[in-house]
Amino acid sequence: MSTQGTIAVFGATGQQGGAVVDALLDRGARVRALVRSPASGRARALAARGVELTTVRIDTPASVVTALEAVDAFSFMTPEANSLDEIEEEVRLGTTLVDAAVAARVPHVVFNSVFGADRLTGVPHHDSKHRIEEHLGRSGLRTTMLRPTGFMENFATVMAPRVEDGTVVLSLPLPADAPLKLIAIRDIGRIAAALLLDAVDVPGGAVEAVGDELTGPQIAAAFGAHAGLPSRYEALPLSVLPNELDREMFRQFAKASEHPSDLAAVRAIEPTTWDLAEWIRSTGRPLLAQA
Ligand SMILES: NC(=O)c1ccc[n+]([C@@H]2O[C@H](COP(=O)([O-])OP(=O)(O)OC[C@H]3O[C@@H](n4cnc5c(N)ncnc54)[C@H](OP(=O)(O)O)[C@@H]3O)[C@@H](O)[C@H]2O)c1
């Protein structure tokens, strides 16, 4: 598709949607953001960069249909759910967006789902995305599932390594031999933009967004190499996690080697996709907390 069409983005004020907007604008595309609060600072910052804002109310589906009229493609994600009630809300939001895309006859929809959502895994906030994928599959729309793996940005926050007595230490509730699938949020946006603008036909209509796949000791070593320090990995028990949703997710992570990632397939779509070492370098700072 040419960059002359309009691409609608849901979640544009958030991490993934923001990255999709960045990548689309970099490529000269016209972007319409579906926002609930056009007066928010983040929405106004998008408008200042030339993004068209349109207000949607998920509980008023007609507002979403209107927002999707005459767009050439639609990118959407669903917000984080932290309880079983929020899971149902996530599914409702996703199905409302899909139904609106059907009503507005959107030519191509790209759903930022999650890796593994081609099947039910028992992880509530992954199975919710599986249900939305199934709804999309039944919709008759041309769809592409973009399935992000763990955000590398988590290493700047909740999964940050630290320095203890001159050694980089990474602690995660994951066995030392389990590979963790990782992607930079920037690259989720770039891959989405390629799918939205380039009419890339991916096998099976789905692509896992993955830039690297490393075990805990390998991740610790990447941070150690950047800092010029030795490194150590510490596998923690699942009980350190705050809720059962996250414990179930890490149980699945421990089985990741059953579904190895295709790193080459991603780079065939977006050759600039970062591996972890490149993402660490891109942050321009050591990212290490002092213990
Ligand atoms: N963290 C990870 O490693 C990881 C990995 C793979 C997948 N995921 C999945 O990624 C998702 C979170 O993505 P993210 O980090 O990009 O989310 P985020 O930064 O929290 O952004 C959420 C976006 O959704 C918008 N939104 C929420 N409810 C809305 C509503 N009712 N109407 C209109 N807009 C609404 C928010 O708008 P406002 O600005 O108005 O709030 C914001 O733009 C979750 O589903 C998670 O399971 C996460």
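Residues numbered from 1 in each chain as written. Predicted model: local features only at pLDDT ≥ 70, side-chain atom pairs only at ≥ 80, totals over all residues. Heavy atoms only, no water.

Taken together, 21 residues surround the ligand, and among them Thr13, Gln15, Gln16, Arg36 and Thr78 come closest. One of the side-chain nitrogen or oxygen atoms of Lys129 is found 2.9 Å away from an oxygen atom of the ligand. The backbone of Phe151 places a nitrogen or oxygen atom 2.9 Å from an oxygen atom of the ligand. (Near = heavy atom within 4 Å. Polar contact = N/O pair within 3.5 Å; in protein donor to acceptor, adjacent residues only side chain to side chain.)

Quick look at the pattern of salt bridges now. Under the criterion given, the structure shown has 16 salt bridges. For Arg232, the salt bridge is made with Glu164, and the minimal N-O distance between the two is 3.2 Å. Here the residue Arg232 occupies a position in strand E13 (residues 231–235), and Glu164 occupies one in strand E8 (residues 162–164), the gap between them amounting to 68 residues. With a relative accessible area of 26%, Glu164 lands in the partly exposed category. Two residues, Glu244 and Arg247, come together in a salt bridge whose shortest N-O distance is 3.0 Å. Remark: Arg247 and Glu244 occur in helix H8 (residues 244–253); sequence separation between them is 3 residues, near one turn of the helix. Several salt bridges share partner residues, and in doing so they unite Arg162, Glu164, Arg232 and Glu234 into one network. (Salt bridge = Lys/Arg side-chain N within 4 Å of Asp/Glu carboxyl O. Helix = DSSP H or I, 4+ residues; strand = E, 2+ residues; numbered from the N terminus. Buried < 20%, exposed > 50% of the residue type's maximum accessible area, 1.4 Å probe, protein only.)

By the secondary structure assignment, Glu270 is in the loop between helix H9 (263–269) and helix H10 (276–283). Despite its burial, Glu270 pairs with no opposite charge; the closest candidate is Arg190, at 4.4 Å N-O. Leave out the neighbours within four places in its chain, and Glu270 touches Arg190 and Ile191. (Lys, Arg positive; Asp, Glu negative; His and termini not counted. Contact = heavy atoms within 4.5 Å.)

So, about the packing of aromatic side chains. Per the stated rule, a full pass over the model turns up 5 aromatic pairs. Ring centres of Phe76 and Phe111 lie 4.6 Å apart, and the angle between their planes is 15°; on these two criteria the pair is classed as stacked. One end of the pair, Phe76, is in strand E4 (residues 73–77); the other, Phe111, is in strand E5 (residues 109–112), with 35 residues separating them in the sequence. Of the two residues, Phe76 and Phe111, neither departs from the other in class, the shared state being buried. Seen in terms of ring centroids, Phe155 and Phe223 are 5.6 Å apart; in terms of plane orientation they differ by 65°. Their pairing is edge-to-face. Here Phe155, found in the loop between strand E7 (150–151) and E8, pairs with Phe223, found in helix H7 (residues 216–227); they are 68 residues apart in sequence, far enough to count as distant. (Phe/Tyr/Trp six-rings, centres within 6.5 Å; stacked < 30°, edge-to-face > 60°.)

Below, the discussion takes up the sheet that holds strand E2 (residues 30–35). Here we have 7 strands laid out as an open sheet, ordered E3-E2-E1-E4-E5-E6-E11, and parallel in their pairing. At either margin of the open sheet sits one strand with a lone partner, and together these are strand E3 (52–55) and strand E11 (206–209). Adjacent strand axes in the sheet meet at a mean angle of 20°, parallel and antiparallel pairs treated alike. Bridge analysis of strand E1 (residues 6–10) against E4 gives 3 bridges, and the strand direction is parallel. The partner of Ile7 across the bridge, within E4, is Ala73. Of the strands in this sheet, E1, E4, E5, strand E6 (143–148) and E11 touch helix H6 (residues 185–198), which is tilted by about 170° from E6. (Pairing = 2+ DSSP bridges. Axes fitted to C-alpha atoms, helices over the stretch in contact; angles between N-to-C directions.)

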